[in-house]
Amino acid sequence: MSKPLYLKAASIAVMFAMGAFQAAHAQTATAPAKSKAKPTVAEAERFLNDTESKLEKLNLDGARAQWVAANFITDDTEALATYFGERQLAASGEAALAARRYNGLKLKDDYARKLKFLQLTLMLSDPKEREAYAAKQAALQGAYGKAKYCPTDNKEGCLPLGELEKTLATSRDPAKLKETWLGWHAQSPSYKQMYTDYVALSNKGAREMGFADTGALWRSQYDMPPEAFSAEMERMWQQVKPLYDALHTYARHKLRQAYGPDVVPATGPIPAHLFGNMWSQSWENIYPLLKPATNAGSYDLTKVLVDRNTDAKQMTQYAERFYTSLGMRKLPDTFWERSLLTKPRDREVVCHASAWTMDGKEDVRIKMCIRPTEEEFKVIHHELGHIYYDLAYNKQSFLFQNGANDGFHEAIGDTVALSMTPDYLKKIGLMEAASAGKAENAEIGELLQRALAKVAFLPFAYSVDKWRWDVYSGKTQPADYDKTWWQLREQYMGVSRPAPIAANGFDAGAKYHVAADVPYARYFLAHMLQFQFHRALCREAGYTGPLHNCSIYGNEKAGAKLWKMLEMGASKPWPEALKAVSGEERIDGSALVDYFAPLKTWLDAQNRQLAAAEAAKK
Ligand code: X8Z
Ligand code: ZN
């Protein structure tokens, strides 16, 4: 059930339990079903049309149940989400089995694609197991959404994740940071057993469908064999790794200056609580500690938003205006009526930002506890990327109402946010016309800030699913969850746990996407794709300068090109969608590397100087 496909939640996700659905590209499972007469093409087409309408209807019910459960966490809404989740799982499993009968028929491309999609799902034939699976999934969502850390002195009461994240972002007291980090990570062990049981059920469902395990099902979604997908991920990681290494080395020098050698070691991994983010997945909040010494620019978008009392609706409207400047439509009225934009005071909600399409038509919404920060300003652009994708493909038939692959869905809003240059901010009145852009190192400062969000993220995004693939394959057993989680964190990110591993801990479960079982490789892909899209759209706009200064704001020609790709939805294999916008057919790290090339040169020089200065001190 509810696998918020790209946290575009509800929609198809629900029944295609893995978001596996747009795996047009995947191999279909084996084992043909028993059949009486030889099936015909006409019969297959009828089956696909009927099944599509049936699933579409169930999806709407499921989406509503999930929406309510995420907006109002109670035992009752959890039970409703479970009820509809089980029904969807039953229907999608049944459809997948029935679909097998038509494998091998020579169908028109669209129908062949739909037949494949239908078989990229879990299938649990035992109703009890289906219910248990759906119940655990709903309960895990709820448990994560409700989790709070109650400090022992309890002066401030119990703190929800949003408060803890604020401390991680703004405090520079290592003891406070560590306590906060540990406080949040002490919550997830309470649902470790539930997660473990859930993984077993999920694997059972994947195996019933003929996949080796759920991880194999996830990796089967990319128009290539699952092993080829793992190899592609590794290829891309190797492309960007030198840039990450340079950033990590620079961060170490600066963090040592800020916190001292007792807190930040000269070699080996750096403690995870010092990066300004609960998962060390984005380092943009520690930009003030890392900014170039000679950079006079000190523009702070968060401060501007706070000083002006910019509210959640206004923040969202800024994002909407970006999309309309590209020639896209305004958001439907129901978006504003039905979205959740601020954290309610009197009830529990899942605050992790998500975008939803309910009916596959106009009923689109976001759910987000917006705070007035630069980080959240970008997240709203990200969420509206999902929403505009949903709106663009709403003329496609139900099974094609999805991204070209899940990385595409995650990349659209980020692509738009890459156009938030100082010139753009000045144009929309969020930056003084006179400020920034003049200081000696202003451009390097801006690039560094971007890299702290985008480059720091890469090994995190890569390793989350590396961990999960091993969990699903059984290579990592529950007793070793934390051990392997931290091995990967150390190996890829160069960060370490701020304290020894806790007995029966569940640090991975302190991340939303693990608790909610949302695949994560999509974000890694999105970080490659958004730079490819940005480069292509800037070209379309006739821009020829350095990519980090390009903004497509107001450029309808670039907007039209993007919209053309969005409209395709999942109707064609993703390389065709990529080609439509960029002329390229491969997801690749070179656009990202190009974008940050001036920063890489600067980081290498800084690292040489800083290393020499440290050596001289000894
Ligand atoms: O989960 C999200 C979005 C919703 S799809 C807010 N993101 C990932 C995360 O927060 O871990 C966006 C970037 C990575
Ligand atoms: Zn997203």
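Residues numbered from 1 in each chain as written. Chains lettered and ligands numbered in written order. Predicted model: local features only at pLDDT ≥ 70, side-chain atom pairs only at ≥ 80, totals over all residues. Heavy atoms only, no water.

- Labelled according to an unreviewed UniProt entry, the chain appears under the name Peptidyl-dipeptidase A, originating from Pseudoduganella namucuonensis.

### A word on the coordination of the zinc ion (ligand 2)
- Protein coordination at the zinc ion (ligand 2) comes from H382 (NE2), H386 (NE2) and E410 (OE), with a distance range of 2.0 to 2.1 Å.
- Geometry at the zinc ion (ligand 2) is tetrahedral, judged from the four donor atoms that bind it and their angles of 90 to 128° at the metal. (Donors = N, O, S within 2.8 Å, 3.2 Å for Na, K, Ca; no water. Tetrahedral: all angles 85-135°; square planar, octahedral: opposite > 155°, others 65-115°.)

### Comments concerning the site of ligand 1
- In the vicinity of ligand 1, 14 residues are found, and the nearest of them are Q281, H352, K511, H513 and Y520.
- Within the side chain of H352, an N or O atom sits 2.7 Å from an oxygen atom of ligand 1.
- At 2.7 Å, a side-chain N or O of K511 approaches an oxygen atom of ligand 1.
- Within the complex, 88% of the 370 Å² of free accessible area of ligand 1 lies under protein.
- Split by residue class, the shell around ligand 1 holds six nonpolar, five polar and three charged. (Near = heavy atom within 4 Å. Polar contact = N/O pair within 3.5 Å; in protein donor to acceptor, adjacent residues only side chain to side chain. Areas by Shrake-Rupley, 256 points an atom, 1.4 Å probe, with all protein chains shown as cover. Nonpolar A, V, L, I, M, F, W, Y, C, P; charged D, E, K, R; others polar.)

### Concerning the state of the cysteines
- Under the definition given, this model contains three disulfides.
- Taken N- to C-terminal, the disulfide-bonded cysteines of the chain are connected 1-2, 3-4, 5-6. (Disulfide = S-S within 2.5 Å.)

### Quick word on the pairing of strand 4 (residues 354–357)
- Burial of strand 4 is two-sided: the residues S354 and W356 facing one way and the residues A355 and T357 facing the other way are all buried.
- The sheet contact formed by strand 4 and strand 5 (residues 364–367) spans four bridges and is antiparallel. Within the sheet, the bridge partner assigned to S354 lies in strand 5 and is K367.
- Where strand 4 folds back onto strand 5 in an antiparallel hairpin, the turn is made up of six residues, including G360, whose phi is positive at roughly 70°. (Buried < 20%, exposed > 50% of the residue type's maximum accessible area, 1.4 Å probe, protein only. Helix = DSSP H or I, 4+ residues; strand = E, 2+ residues; numbered from the N terminus. Pairing = 2+ DSSP bridges.)

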